[in-house]
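Next come the chains, spelled out residue by residue.
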Amino acid sequence: MDGLHDLGGKEGFGPIAVTEEDPAFQADWEGRMYALSQTVGAEDWTIDWFRYLVELLPPEAYITIPYFEKWCLVALTGLVNSEVATQEEILRAGSTPQSPGQPSPPPQDIDTVLQTVRAKCTDFSRPQERGPAFQIGDAVVTQRHSVPGHTRLPAYARGRHGRVVALHGAHLLPDAVWRGVEAAAPLYTIRFEARELWGPDAVEDDAVMLDLWEPYLLGV
Amino acid sequence: MDGLHDLGGKEGFGPIAVTEEDPAFQADWEGRMYALSQTVGAEDWTIDWFRYLVELLPPEAYITIPYFEKWCLVALTGLVNSEVATQEEILRAGSTPQSPGQPSPPPQDIDTVLQTVRAKCTDFSRPQERGPAFQIGDAVVTQRHSVPGHTRLPAYARGRHGRVVALHGAHLLPDAVWRGVEAAAPLYTIRFEARELWGPDAVEDDAVMLDLWEPYLLGV
Amino acid sequence: MTQNEKRDRAKVAEIHRQLHNHLPPDPALRVKALESLAVERGFVARESLDAWVEAYAERIGPKRGARVVARAWVDPDFHARLLDNASEAIADFGFEGNATGHLKAVENAADLHNLVVCTLCSCYPFSLLGMSPPWYRSAAYRARAVREPRAVLAEFGVDLAADVAVRVWDSTAELRYLVLPQRPAGTEGWAEERLAALVTRNAMIGTARDLSGGIA
Amino acid sequence: MTQNEKRDRAKVAEIHRQLHNHLPPDPALRVKALESLAVERGFVARESLDAWVEAYAERIGPKRGARVVARAWVDPDFHARLLDNASEAIADFGFEGNATGHLKAVENAADLHNLVVCTLCSCYPFSLLGMSPPWYRSAAYRARAVREPRAVLAEFGVDLAADVAVRVWDSTAELRYLVLPQRPAGTEGWAEERLAALVTRNAMIGTARDLSGGIA
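Note that this is a predicted model, so its numbers are computed, not measured.

> Looking at this structure, I do not really get the overall build of chain C. What am I missing?
When helices and strands are counted, chain C shows 12 helices and four strands. Along the longest, intermediate and shortest principal axes, the C-alpha atoms of chain C span 60 × 40 × 35 Å. A burial count over chain C gives 61% of its 216 residues as buried. Considering only intrachain contacts with a sequence separation of at least 6, the fraction spanning at least 24 residues in chain C is 68%.

What follows is the structure, given as structure tokens:
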């Protein structure tokens, strides 16, 4: 979808709030939220469905609320959408303390958590059903139009010429996975010259590298 | 500039809040603001400078604050930038009542206002220095890249093929006027097929018509 | 100081941020700050502001456009002049003014529907139609009207047949657009004033189409 | 109910709007609502949440990445393995995990600087570098890093010479990127641990370049 989340290259933002070091979490609720994101979900959730839920936030919320608050709204909306909880149950949970319901699973200690983090090292690659259409050095051009649903070709790189610099075999395709379909396609790293993306004022030899799936690309 | 104001075609917005009839102003302050917009300004302001000031609002403000509040911030910032008032004077005016300073000009009654509205019928056309590069029926393609400053080629119509359907002589060019330079260029109405803009799912024969200046166009 | 130094993007953005962060958040108070300053500096008398509000609240509004449309329905010569040069034609009524110096009328037909938007701001023919509707200025309308005009029209209750083509006029230059709706059947012989009462604001923007609902 | 019916865009957007409009505005209370629900339903024990927070607050963070960089500086064989397959190389340390299943190391050089961003969300190699910096998730960084990397770098105090080319890695797929900074001169013979103390988080994202400031 052609949403406001697709921020690459947008102008009008102010200076970066530079920091050199930061606590992992800026507030307690951020840490709770991250922990919840690693432990709560529905069976039909995928990383791409989660990202699409973020993209579907009301645009004014997307632009104004903090990062982990987005995660929170996404988790809550996702639970409603997957029929794990109702909207009313969530609004009630927001205003009154909950009575203990189901028994808790056994608590994890930090060593268990550290093991779980390691186990979350997900492999998104899949066997290739056929060879890739492009090889290193090939010139390609990206699709000109956005497509409905979740997709990962940024708007600033639509209809742009680039060159294949790496092949990564087949990876799960976000455009399919978000809607619950497991399909894979060859993934490439494409190099785009800054001048091709931004026009003649950009610096020669500067470049943006993007990992793009084969359906996003056309030969030239 | 490639800003968030450039909303055409963006997805993720909800249903339209449909109304059939509305009061001219939804709140008293809206009416005051419109009246102020017609009576207050600095000598170096133009419509294009005003629009650029709107585009330069902080993106999160642009997306969230009401229409006439944007006009208010723009007027205040514009007065500061044109050195008519300082930031401190404005912040003071926001918190304490002002003492009477300069004498007021003679008040306008409603008939004077209605005459002033008629007199504000501005002609943006200028004599053509040379003939237009394109004629009705010509195929054109728009520039692919955004340009710095204020400009009026929407992002959704960049790098898109269209056809000239009308010529309007030369009109003042926003890309020059915003920075205080009076220059004009031929203005055309260009027809873009919906499928060219949005892809094959759009309805055949639907079209978007845009009034575009010659520097936004290339022959094909 | 040259013009260019006075139009520095980063400087303007910084003033915006300072004012937005430090003014009271209530927009009414922000406007009051501007009004105080304007009056104190002698730019305008408060009574004049009252007169401007009254002019747009009472005298300038969609009834003006409706009169123009009704005249075009009954007077073939005016109809031709309106389509040829709408800015000149509306001067017959004294309706020329703010944002109508380059007005163009676009006419609906059995197989054609016109819709007006401004995706880059919210340009609108103020002196002819008055203040723009809240939805016209909304991000949702600006974003969606060009991409999915039929879905937008459906939300307004306009269900277009597949054989009616849509023209969306994205009025981002200084041309402004007036949709000339179709005269409803069953109004033969009606006087101009009675016809004008049928013409709605939304029909002149293109978010209404069939005006026969006002007959009976 | 099929998967597609469960993934309806308008329905999801409407749930989002309902929750956003009706939950208390304080994000801490919103997260508390989720936590209450999760605990009540038996998804997770509160103690486990404490352990997850502790893991990322105390044990997982940029010091991990710094150890990897230092090893690559002192061990040519590890350096080669890291550039060949960083996911496998960091498993030497047990640092593989969340979002590092397809890790790629990109190495700076005298004439080349690498910078990492994710313009579409804020993808980040969590198990190697910990939580992302606030600025990394900001709209400003996401918008600007790809278009004007040199201006962004200047705000971080990195003034790149004109003969140093910039590669911006916009990590929108499942590959994650670790910038391998240049080893500063004057550190010949330093032990791995001492070198690791020079390596900053920002250097591994690419918003810092010269690490010689830590020497002395």
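What follows picks up the thread again.
> Please clarify how the overall build of chain A should be interpreted in this entry.
Scanning chain A for helices and strands turns up eight helices and six strands. Put simply, chain A runs from its N terminus to its C terminus through helices and strands in the order α-α-α-α-α-α-β-β-β-α-β-α-β-β. Sorting the 220 residues of chain A into buried and exposed places 57% on the buried side. Considering only contacts within chain A whose residues lie at least 6 apart along the sequence, 65% involve residues at least 24 apart. Carbon and sulfur atoms form 52% of the exposed surface of chain A, whose accessible area is close to 9100 Å².

> Can you walk me through the interface of chain B and chain C in this structure?
A common way to express how large an interface is: the accessible area buried when the components associate. With 114 residues of chain B in contact, the opposing surface of chain C contributes 99 residues. Of the roughly 9800 Å² buried between chain B and chain C, counting both surfaces, carbon and sulfur atoms make up 63%. Taken together, chain B and chain C are joined by 11 salt bridges. For the salt bridge of arginine 32 of chain B with glutamate 35 of chain C, the shortest nitrogen-to-oxygen distance reads 3.0 Å. For the pair chain B and chain C, the interface holds 42 residue pairs in polar contact (both at pLDDT 80 or more). Bridging between strand 5 (residues 207-213) of chain B and strand 3 (residues 165-170) of chain C involves four bridges; their strand directions are parallel. Across the sheet, the residue bridging to leucine 210 of chain B is aspartate 170 of chain C, located in strand 3 of chain C.

> Sorry if this is basic, but what is going on with the relation of the copies chain B and chain A here?
Relating the two copies of this chain is a rotation about some axis coupled with a shift parallel to it. Under the fitted operation, chain B is carried onto chain A by 0.0 Å of movement along the axis and a turn of 180°, and the coordinates agree to an RMSD of 0.0 Å. Such a combination of turn and shift is consistent with a two-fold rotation axis. Same-surface contact between copies: 100% of interface residues of chain B are shared with the interface of chain A.

> So what exactly am I meant to see when it comes to the interface of chain B and chain A here?
At the interface, 27 residues of chain B touch 27 residues of chain A. When chain B packs against chain A, the two sides together hide about 2200 Å² of surface, and 53% of this comes from carbon and sulfur. At the junction of chain B and chain A, the tally comes to four salt bridges.

> Please explain the confidence of the model for chain C as it appears in this structure.
Across chain C, pLDDT averages 96, with 98% of residues at or above 70. For this predicted complex, the interface confidence reaches an ipTM of 0.96, while the overall pTM sits at 0.96.

> Whenever I open this one, the pattern of salt bridges confuses me. Can you help?
For side chains bearing opposite charge, pairing can occur when the charged atoms are close. Overall, the coordinates contain 56 salt bridges over all chains when judged by the stated rule. A salt bridge links arginine 144 of chain D to glutamate 155 of chain D, with the shortest nitrogen-to-oxygen separation between them at 2.8 Å. Taken together, the positions of arginine 144 of chain D in helix 9 (residues 139-147) and glutamate 155 of chain D in helix 10 (residues 149-155) put the pair 11 residues apart, joining distant regions of the chain. Relative accessible area serves as the criterion here: at 32%, glutamate 155 of chain D is assigned to the partly exposed category. What emerges from the salt-bridge pattern is a single network uniting Asp2 and Arg158 of chain A, Lys10 and Glu11 of chain B, Arg147 of chain C together with Arg9 of chain D.

> I'm lost on helix 4 (residues 67-81) of chain B in this one. Help?
Every α-helix carries 3.6 residues per turn, so stepping three or four residues along brings you back to the same face. Helix length check: helix 4 of chain B (15 residues) gives 21 Å between terminal C-alpha atoms against 21 Å at 1.5 Å per residue, within 8%. Note on helix 4 of chain B: the residue one or two positions beyond its end, glutamate 83 of chain B, has a positive phi of about 60°.

> Just to check I follow, could you spell out the pairing of strand 4 (residues 184-193) of chain B for this structure?
Side-chain direction in a regular strand flips from residue to residue, so the side chains alternate between the two faces of the sheet. Residues and elements named next belong to chain B. Counting buried positions along strand 4 gives eight out of 10 residues, so the element sits mostly inside the fold. Bridge count between strand 4 and strand 5: seven bridges; the pairing is antiparallel. Within strand 5, the residue paired with phenylalanine 192 across the bridge is valine 208.

> Looking at this model, I keep getting lost on the nonpolar core. Mind explaining?
Inside soluble globular proteins, nonpolar side chains tend to come together where they are buried. Leu82 and Tyr141 of chain C together with Leu82 and Tyr141 of chain D are the most contacted members of the largest nonpolar core, which has 282 residues in total. Once residues lying within four places of it in the same chain are set aside, the contact partners of tyrosine 141 of chain C are Ile16 of chain B together with Leu115, Val116, Val117, Trp135, Tyr136, Val152, Ile205 and Thr207 of chain C.

> Whenever I open this one, the packing of helix 1 (residues 28-39) of chain B against helix 4 of chain B confuses me. Can you help?
Two quantities define a packed helix pair, namely the angle between the axes and the distance from one axis to the other. All names here are of chain B. Orientation of helix 1 relative to helix 4, taken along the N-to-C sense of each, is 40°, at an axis distance of 9 Å. Classified by the interaxial angle, the pair formed by helix 1 and helix 4 is oblique. For the pair helix 1 and helix 4, the sense of crossing is left-handed. Where helix 1 abuts helix 4, its residues Trp29, Glu30, Met33, Tyr34 and Ser37 lie against Phe68, Glu69, Trp71, Cys72 and Ala75.

What counts and how
- Residues numbered from 1 in each chain as written.
- Chains lettered and ligands numbered in written order.
- Predicted model: local features only at pLDDT ≥ 70, side-chain atom pairs only at ≥ 80, totals over all residues.
- Heavy atoms only, no water.
- Helix = DSSP H or I, 4+ residues; strand = E, 2+ residues; numbered from the N terminus.
- Buried < 20%, exposed > 50% of the residue type's maximum accessible area, 1.4 Å probe, protein only.
- Contact = heavy atoms within 4.5 Å.
- Areas by Shrake-Rupley, 256 points an atom, 1.4 Å probe, with all protein chains shown as cover.
- Buried area = accessible area lost by both parts, 1.4 Å probe.
- Salt bridge = Lys/Arg side-chain N within 4 Å of Asp/Glu carboxyl O.
- Polar contact = N/O pair within 3.5 Å; in protein donor to acceptor, adjacent residues only side chain to side chain.
- Pairing = 2+ DSSP bridges.
- Least-squares fit on C-alpha atoms with pLDDT ≥ 70 in both.
- pLDDT = per-residue confidence, 0-100.
- Expected span 1.5 Å × (residues − 1).
- Core = buried A, V, L, I, M, F, W, Y, C linked by side-chain atoms within 4.5 Å.
- Axes fitted to C-alpha atoms, helices over the stretch in contact; angles between N-to-C directions.
- Parallel < 35°, antiparallel > 145°, perpendicular 65-115°, else oblique.
- Left-handed = near helix turned anticlockwise from the far one by under 90°.

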